[in-house]
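# Observations on the three-dimensional arrangement
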Number of protein chains: 4
Amino acid sequence: MTKFLKDIQNLKDTRGIAIQKVGVKDVEIPLIIQRKNDSDQIVSAKARMSVSLPQNYKGTHMSRFMEVLDEWRAKNLLGVDIKGILKDVQQKLNAQSAHVRFNFKYFVKKEAPISKAQSVMGYDCSFEGNLQKDEYNFLLGVKVPVTTLCPCSKEISNYSAHNQRALIKIIINYDENQHIWLEDLIKLAESCGSCELYPILKREDEKYVTEKAYDNPKFVEDVIRDVILKLKENKIIKSFEVECEAFESIHNHSAWAYQKETI
Amino acid sequence: MTKFLKDIQNLKDTRGIAIQKVGVKDVEIPLIIQRKNDSDQIVSAKARMSVSLPQNYKGTHMSRFMEVLDEWRAKNLLGVDIKGILKDVQQKLNAQSAHVRFNFKYFVKKEAPISKAQSVMGYDCSFEGNLQKDEYNFLLGVKVPVTTLCPCSKEISNYSAHNQRALIKIIINYDENQHIWLEDLIKLAESCGSCELYPILKREDEKYVTEKAYDNPKFVEDVIRDVILKLKENKIIKSFEVECEAFESIHNHSAWAYQKETI
Amino acid sequence: MTKFLKDIQNLKDTRGIAIQKVGVKDVEIPLIIQRKNDSDQIVSAKARMSVSLPQNYKGTHMSRFMEVLDEWRAKNLLGVDIKGILKDVQQKLNAQSAHVRFNFKYFVKKEAPISKAQSVMGYDCSFEGNLQKDEYNFLLGVKVPVTTLCPCSKEISNYSAHNQRALIKIIINYDENQHIWLEDLIKLAESCGSCELYPILKREDEKYVTEKAYDNPKFVEDVIRDVILKLKENKIIKSFEVECEAFESIHNHSAWAYQKETI
Amino acid sequence: MTKFLKDIQNLKDTRGIAIQKVGVKDVEIPLIIQRKNDSDQIVSAKARMSVSLPQNYKGTHMSRFMEVLDEWRAKNLLGVDIKGILKDVQQKLNAQSAHVRFNFKYFVKKEAPISKAQSVMGYDCSFEGNLQKDEYNFLLGVKVPVTTLCPCSKEISNYSAHNQRALIKIIINYDENQHIWLEDLIKLAESCGSCELYPILKREDEKYVTEKAYDNPKFVEDVIRDVILKLKENKIIKSFEVECEAFESIHNHSAWAYQKETI
């Protein structure tokens, strides 16, 4: 019963291959998100956390990732200090580089455009941090649904135009000493569709969004260009990846546009 | 090395609990589908196959399901004779009841309404068979995307109307001695939206579908009622389950309607 | 501009078809869950909410579902009083029957069996309520991952046995005047696998779970029978639906067992 | 009725932003795959196809992607000549660069190790082609499930070891004038787990795979290193991306390793 439990992971490996990322994936854990102009929000996250592994070690210690995640959760800092948790992982696993990504649903209050009826809307968001020795890099991600109304359909039809839900995905990397709120990145995306979506719409609101989308037709090409222009206006953003996918109401496939740039 | 390999599944079980369904799930296997007015189509299916297990047996023999599936695949009859495969399973596993469900993507040729440009469109379909002793029951299922255009949005707005992709799901049970083609059930569903979807639409077609949807506004309630009326017209259908879900272009949630009836 | 906004939904419908369920689906909204021996937990839920629609009405008022959901969220009762929200919906939509289902990830603290290292583990859970006039019915659901180790593989092999993650799904209906905690239903399920899962396992724990699973081999048939026996011991449970799916480590498909019973 | 249908996509755009990729996504279409030592296989694919769009054009012509896909499908070459279809798209859309990705389930015959019982097993595969002016690049991808048995669990436990299904993902780029079969890349991956998976296993086979996995324990770190070594042995491979994810039987999360290299 008191068998000595050998540390297999610490054994030498002779294959001569250093591994870039080794860790845990699909870890479900609650996260604390600081909200703009509001109290913190607790969200359900999926985490992926890894370190680099030198060529001479057989394996990493997977349970330590879970211990670090839980320590930071317990002290109410998981999601708040991404760089801090990476330094902790780097040290506890004695690694050159550490990486973490959290994907979570984030709720933001929204009010209808005319009736002002209020509710919350959920957005898929992500935090991603990379620490290579002392160099830190952070990526902020949002997926924002909007309406797109087809300019071609509007132009060629005697009346109406096909429209649909579309999804704008944005991932940005920005100056570490600055801050960009999820709320602001979501708003930026919402301003680039034909119209934004709302959780509650009364009749007067439905009239408004219907007419607004028709007055503001956009291809996925238009959406992505407008997003890019707005991202470039923000001088602290250093690079971005943008996608727009429209779930066409007249097809069973999507229209899609994609851009990745370092500014 | 020549150890006697005991049949654990055949052991007695004393818990006194007969199990309704025991088997395999998410088995990936090619299926042969007979097409209306065309040669057969080979599709990629996911299969779930099970039998009932009497209370005095510890387990079923899982490998036999795979053997039966493969035998029928090898003789080019998997998907063709659902009752036959269930009889085979029933006998090989010495079971009172047997059940199988195949889910697969089925391709149907479609031509654009004006330009007549042709391509194929994929539909999620299912075959499900139940054999209780000698009593056989078959369920045919289709998921058919259509356009829905909101009657309320059309009425209250000075111009345009929000529209979106919606999904109609139909599962029917019908007289065993009759046949209903997937193609016909798909067409029935497509005739109940504001407009149907197409793989290729040229400009003249896009004008047509835009105007047709506007001329034919439908709530999910309208869609489901029209599907139900058409199903009831077909005298060989004995029961049905129908759903319509519209992926609202103005919300991030769906409008949804559901009905299950035995005629 | 001050156009009268006609209530299209209130129009007469002449097709003669009453619809069983009409409403909203995939609504994302935070929920409050009362925990056993702990403070409340806020979770991210997906909601489906519907009412019955009499044959003479064209449509239901979709925005009212969202208003009711948001009102109950704002007063911190969404998830707490399912019957209350259904009565509210029934009244505001003037419906005979109302239905709601919430699916959410629920976190429970777990400690490792030997080291007692603590963290949280997430479980997919559901609340479902049906109100038919005055008759109320509640369904509680959990999906609980466990380890299963194959009795056949253990018996026939000279050493070791294949094992894998398996998922136990339980949905129960019970006496409305009683209460069953999510924590207790989860524990019931976890006690029926070959071993339970843990978020953190140190070396001494890993030895323990490895040996425990080997000492406790179970087919999906064994798991489901043990779950059924335990559910039947609880006299307030009136009906149940149980599934066990093992993601076989030696196959690319699952072993599966299913039972639905009214006691 | 004979309205002139203006070509909106051809309008000038003045925002000054060229778009890297614009096209269609989630197009469902049958593909023809050439098999090693066997006749062709028809599979169900999801396609994503795009071109680059110069800054002075408002939009691309989405229907032309569908026309090209369908033409190549109709002449039984979709999936066979990726470079050919990209040249066609490049020309018809007058684009500098063109890109296509097909994801599909591919079936390969497998026989059990001892009983030689035969069936088919499905693998998620992908073809991806990039054409930048005249420069062509092809990526071949496979996702291959295997068994992994934990070396640490084996070492520290008095008997048995936890094992589970794991998924190896490989994407390779190789010399355009050479060919690598899907079958060979799948076999390479399968040789790197603790044991490979099979569709049918009789009792003697189950004994074999149980003992083989125990005799051959591997962390995800071991699996990925062995895959990398074998990829590097193949001199026509120019770069690769490899992942191994083990769906731990003792946790509700995965162990994960990742490597991306240009050789």
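Heads up: the structure comes first, above all this text.
A brief look at the structure comes next. No experiment lies behind these values; they were computed from the predicted model shown.

Another aspect to go through is the pattern of salt bridges. As enumerated under the stated definition, the model contains 85 salt bridges over all chains in all. B:Glu176 is the partner of B:Lys83 in a salt bridge, and the nearest nitrogen-oxygen pair spans 2.6 Å. Of this pair, B:Lys83 sits in helix H2 (residues 82-92) while B:Glu176 sits in the loop between strand S6 (163-174) and helix H4 (182-190), and the two are 93 residues apart along the sequence. The exposure class of B:Lys83 is partly exposed, given its relative accessible area of 24%. Given a relative accessible area of 38%, B:Glu176 falls into the partly exposed group. Taken together, the salt bridges that share partners define one network made up of A:Asp13, A:Arg15, A:Lys58, D:Lys218, D:Asp222, D:Arg225 and D:Asp226.

Here we come to the interface of chain C and chain A. Facing 28 residues of chain C, the contacting portion of chain A comprises 27 residues. Between chain C and chain A we count six salt bridges in total. A salt bridge links A:Asp7 to C:Arg203, with the nearest nitrogen and oxygen atoms 3.6 Å apart. Linking chain C with chain A are 10 residue pairs in polar contact (both at pLDDT 80 or more). Mapped by element, the contributors of at least two residues to the side of chain C that touches chain A are strand S1 (19-33), helix H1 (62-74), strand S3 (97-111), strand S4 (118-132) and helix H5 (203-215) of chain C.

Turning next to unusual backbone geometry. Residues other than glycine seldom take positive phi values, yet B:Asn76 does so here, at roughly 60°. Here B:Asn76 lies in the loop between helix H1 (62-74) and H2. At D:Ser160, a position not held by glycine, the phi torsion is positive, near 65°. Its place among the elements puts D:Ser160 in the loop between helix H3 (151-156) and strand S6 (163-174). For D:Ser160, a relative accessible area of 2% gives the class buried.

What follows is about the relation of the copies chain C and chain A. Rotating chain C by 180° about the axis while translating it 0.0 Å along that axis superimposes it on chain A, leaving an RMSD of 0.0 Å. Taken together, the rotation and translation relating the two chain copies correspond to the operation of a two-fold axis. The residues that chain C uses at the interface reappear at the interface of chain A in 96% of cases, marking a shared surface.

Taken together, the contact pairs 56 residues of chain A with 56 residues of chain D. Across the interface of chain A and chain D, roughly 4800 Å² is buried in total on both sides, 54% from carbon and sulfur atoms. Where chain A packs against chain D, one counts 10 salt bridges. Two residues, D:Arg225 and A:Asp13, come together in a salt bridge whose shortest N-O distance is 3.5 Å. Summed over the shared surface of chain A and chain D, the number is 32 residue pairs in polar contact (both at pLDDT 80 or more). Elements supplying a minimum of two residues to the side of chain A that touches chain D: strand S1 (19-33), strand S2 (41-53), helix H1 (62-74), helix H3 (151-156), helix H6 (220-233) and strand S9 (254-262) of chain A. If one sorts the elements of the side of chain A that touches chain D by residue count, S1(A) sits on top with 10 residues. Looking at side-chain class alone, the side of chain A that touches chain D contains 25 nonpolar, 13 polar and 18 charged residues. Sheet topology places S1(A) next to strand S9 (residues 254-262) of chain D; five bridges connect them, and they run antiparallel. Counterpart to A:Lys21 in the pairing with S9(D) is D:Tyr258.

With an RMSD of 0.0 Å, the operation that places chain A on chain D is a rotation of 180° combined with a shift of 0.0 Å along the axis. The residues that chain A uses at the interface reappear at the interface of chain D in 100% of cases, marking a shared surface.

Turning our attention to the nonpolar core. Note on soluble globular proteins: their nonpolar side chains tend to be buried together. Counting 170 residues, the largest nonpolar core has A:Phe102, A:Phe104, A:Ile170, D:Phe102, D:Phe104 and D:Ile170 as the members making the most contacts within it. Other than its neighbours up to four places away in sequence, A:Ile170 contacts A:Leu140, A:Gly141, A:Val142, A:Leu185, A:Leu188, A:Ala189, A:Val227, A:Leu231, A:Glu241 and A:Val242. Formed by 169 residues, the second largest nonpolar core is a distinct cluster that contains A:Ala117, B:Ile19, B:Tyr123 and B:Leu131.

Residue and element names in this part refer to chain A. Counting buried positions along S2 gives 11 out of 13 residues, so the element sits mostly inside the fold. In this structure, S1 lies alongside S2, joined through 11 bridges in antiparallel fashion. What sits directly across from Glu 28, in S2, is Lys 46. Looking at chain direction, S2 and strand S3 (residues 97-111) are connected through seven bridges and run antiparallel. Bridging across to S3, Arg 48 finds its partner in Arg 101.

Quick look at the environment of A:Ile168 now. Residue and element names in this part refer to chain A. Structurally, the position occupied by Ile 168 is in strand S6 (residues 163-174). Given a relative accessible area of 0%, Ile 168 falls into the buried group. As for Ile 168 and Glu 243, which are separated by 75 residues in sequence, their C-alpha atoms are 5.7 Å apart. Those residues within four positions of Ile 168 in sequence are excluded, and the remaining contacts are Val 142, Lys 143, Val 144, Val 146, Ala 189, Val 223, Val 227, Glu 243 and Cys 244.

Calculation criteria
- Residues numbered from 1 in each chain as written.
- Chains lettered and ligands numbered in written order.
- Predicted model: local features only at pLDDT ≥ 70, side-chain atom pairs only at ≥ 80, totals over all residues.
- Heavy atoms only, no water.
- Salt bridge = Lys/Arg side-chain N within 4 Å of Asp/Glu carboxyl O.
- Helix = DSSP H or I, 4+ residues; strand = E, 2+ residues; numbered from the N terminus.
- Buried < 20%, exposed > 50% of the residue type's maximum accessible area, 1.4 Å probe, protein only.
- Contact = heavy atoms within 4.5 Å.
- Polar contact = N/O pair within 3.5 Å; in protein donor to acceptor, adjacent residues only side chain to side chain.
- Least-squares fit on C-alpha atoms with pLDDT ≥ 70 in both.
- Buried area = accessible area lost by both parts, 1.4 Å probe.
- Nonpolar A, V, L, I, M, F, W, Y, C, P; charged D, E, K, R; others polar.
- Pairing = 2+ DSSP bridges.
- Core = buried A, V, L, I, M, F, W, Y, C linked by side-chain atoms within 4.5 Å.

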